Amino acid sequence: MHSPEKISVIMPVYNVEAYIAEAIQSVLDQTYENFELIVVDDGGSDSSMDIVRSFQDGRICIVSQPNRGLAGARNTGIANSSGSFVALLDSDDRWHRDKLMLHAIHLRTNRMVDVSYSGSQMIDAQGKPLALAMRPRLNGISAAHILKRNPVGNGSAPVIRRTALDLVRFLHPQETGRPCWFDENFRQSEDIELWIRMSAGFACRFEGIDPLLTEYRIVGGGLSANIVRQFESWQRVIDKARDYAPDLIADHGNAAAAYQLRYLARRALQLGDYGFARSLTIQALRRYPGILFEEPKKSLVTAAAALASAVLPQTMLARMAQRTLGQAGAA
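The rules behind the values
- Residues numbered from 1 in each chain as written.
- Predicted model: local features only at pLDDT ≥ 70, side-chain atom pairs only at ≥ 80, totals over all residues.
- Heavy atoms only, no water.
- Helix = DSSP H or I, 4+ residues; strand = E, 2+ residues; numbered from the N terminus.
- Rg over C-alpha atoms; globule rule 2.2 N^0.38 Å.
- Buried < 20%, exposed > 50% of the residue type's maximum accessible area, 1.4 Å probe, protein only.
- Axes fitted to C-alpha atoms, helices over the stretch in contact; angles between N-to-C directions.
- Parallel < 35°, antiparallel > 145°, perpendicular 65-115°, else oblique.
- Left-handed = near helix turned anticlockwise from the far one by under 90°.
- Contact = heavy atoms within 4.5 Å.
- Core = buried A, V, L, I, M, F, W, Y, C linked by side-chain atoms within 4.5 Å.
- Phe/Tyr/Trp six-rings, centres within 6.5 Å; stacked < 30°, edge-to-face > 60°.
- Pairing = 2+ DSSP bridges.
- Right-handed = clockwise from strand over helix to strand, strands pointing away.
- Salt bridge = Lys/Arg side-chain N within 4 Å of Asp/Glu carboxyl O.
- Arc of directions from axis to C-beta.
- Polar contact = N/O pair within 3.5 Å; in protein donor to acceptor, adjacent residues only side chain to side chain.

Our focus in this paragraph is the overall build of the chain. Scanning the chain from terminus to terminus reveals 13 helices and eleven strands. Computed over its C-alpha atoms, the radius of gyration of the chain comes to 20 Å, within 12% of the 20 Å expected for a compact globule of 331 residues. Based on the C-alpha atoms only, the size of the chain along its principal axes is roughly 60 × 45 × 40 Å. Burial statistics for the chain: of 331 residues in total, 53% are counted as buried.

Next up on the list: unusual backbone geometry. Among all residues except glycine, the phi angle is most often negative; among peptide bonds, the trans geometry is most common. That bond from D210 to P211 is cis: its omega, -5 degrees, falls within 30 degrees of zero. Positive phi values are uncommon outside glycine, yet N15 reaches one of about 50 degrees. Even without glycine at this site, S189 takes up a positive phi of about 65 degrees. Within the secondary structure, S189 is located in the loop between β10 (179–180) and α7 (190–202). By relative accessible area, S189 is classed as buried at 15%.

Where helix α10 (residues 274–287) contacts helix α12 (residues 296–308), the axes come no closer than 8 Å and their chain directions differ by 135 degrees. By the criterion of interaxial angle, the relationship of α10 to α12 is oblique. Both α10 and α12 take part in a crossing whose hand is left-handed. Residue-level contacts link A277, R278 and T281 of α10 to T302, A303, A306 and L307 of α12.

Across soluble globular proteins, nonpolar side chains show a tendency to be buried alongside one another. One finds W195, M198 and F206 to be the most contacted residues of the largest nonpolar core, which totals 57 residues. The dominant element in this core, judged by the number of residues it contributes, is helix α9 (residues 246–270), at twelve residues. Not counting residues within four places of it along the chain, the set of residues in contact with W195 comprises L88, I146, N150, V152, P158, I160 and F206. Listed in part, the 27 residues of the second largest apolar core include V9, V39, F85 and W95.

With that settled, the discussion passes to the packing of aromatic side chains. Taken as a whole and assessed by the stated rule, the structure comprises three aromatic pairs. Seen in terms of ring centroids, F182 and W195 are 6.4 Å apart; in terms of plane orientation they differ by 70 degrees. Their pairing is edge-to-face. You can see F182 sitting in the loop between β10 and α7 and its partner W195 sitting in helix α7, a full 13 residues away along the chain. Classification of F182 as buried rests on a relative accessible area of 0%.

Moving on to the pairing of strand β3 (residues 60–64). Relative to β3, strand β2 (residues 35–41) runs parallel, the two being bridged by five bridges. Across the sheet, I38 pairs through a bridge with C61, a residue of β3. Read as a crossover between parallel neighbours, the route from β2 over helix α2 (residues 48–53) to β3 is right-handed.

Let's shift gears to the packing of α9 against α10. Running from N to C, α9 and α10 cross one another at 165 degrees; their axes reach a closest spacing of 8 Å. Here α9 lies roughly antiparallel to α10, going by the angle between them. α10 is crossed by α9, and the crossing has left-handed handedness. Where α9 abuts α10, its residues N254, A257, A258, L261, R262, L264, A265, A268 and L269 lie against Y274, A277, L280, T281, Q283, A284 and R287.

Attention shifts here to the pattern of salt bridges. A complete count under the given rule lists 20 salt bridges for this structure. With its nearest N and O atoms 2.9 Å apart, the salt bridge here joins D57 to R59. R205 serves as the salt-bridge partner of E207, at 2.9 Å between the closest nitrogen and oxygen. Among the residues examined, R205 registers a relative accessible area of 38% and is labelled partly exposed.

In terms of residue burial, helix α3 (residues 69–79) counts as a mostly covered element, since nine of its eleven residues are buried. Turning to α3, its buried residues are G69, A71, G72, A73, R74, N75, T76, G77 and I78.

Turning to helix α4 (residues 99–109), a few remarks are in order. Structural remark: α-helix, 3.6 residues per turn; residues separated by three or four positions point the same way. Of all the positions in α4, only K99, L100, H103, A104, H106 and L107 are classed as buried. Down the axis of α4, the smallest arc covering the buried residues is 160 degrees, so these residues share one side.

Secondary-structure assignment places S299 in helix α12. Given the relative accessible area of 3%, S299 is considered buried. A polar atom in the side chain of S299 sits 2.9 Å from the backbone oxygen of E295. When sequence neighbours within four positions are dropped, the list of residues in contact with S299 reads R262, I291 and L292.

Moving on: the environment of I238. With respect to the helices and strands, the residue I238 is situated in helix α8 (residues 223–244). Overall, the relative accessible area of 3% leaves I238 in the buried class. In sequence terms I238 and I196 are 42 residues apart; their C-alpha atoms lie 9.1 Å from each other. In this structure I238 touches L147 and I249, once residues within four positions along its chain are discounted.

Laid out in structure tokens, this is it:
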């Protein structure tokens, strides 16, 4: 009887003592049992790693390093892993107990698929479900779809075939012999940088499955500054992609920027920064008005909520944002 392929779960840890136990338990509770959990201690200063060490399970492996950021921690985890498939889980998120099982079935029965992903349920800081979800496109994914809409959605959603990662592996430019998959020059947007490079640069195939198998945590704080940094980082991704996929960026770059601005506007609305959401929405529409026709419901709902923020009381806006954005989807 064919034994199930091992899945390597990569979990970077940096000052997440409030959430790390939930993340680890969601892995240990998986119905698919042939996995290894590579926990990468990324040089934090809280009690996160004490919590990790309190779990007694032989499938957990701890690797420690000085702080490198999320991309660097994931690279270290992948370099120390041995599974046929690699799953990513950020240490403040959680998984549905059947996530690894369903992705393993998907990848095993669809050998042409390189990256399997699913939608995500949003949860708050206390782990309670929000009226928001990422329900991405699942089939017929092209490099343009990834550039414009990033259907993978977040770093806790994908399970990746090892042979696909082998294609995009490169050596660190300053550290001899250090293998990399994620570009460590990016402290944000490292996910989408890899997905675009895999799709546009190496023709890797992406495909999603139902249902919502990831619980993605939204925690507020410093929103405006974070959004500015996120967009600047995303723009650097586009600049890098222009070198190896110039036609893709020429054809779809403006649309991609508009979708990214709209996504950030929706995040601003969800977290109560209404003036900033209004500014981002206006920029999105100026950059590529076509989003009103390509995705009319989501674009019009976002625009209406953002523009209404100029005249409606904040308590009413909060209810409106949660209700209307939840109905229209998160991204």
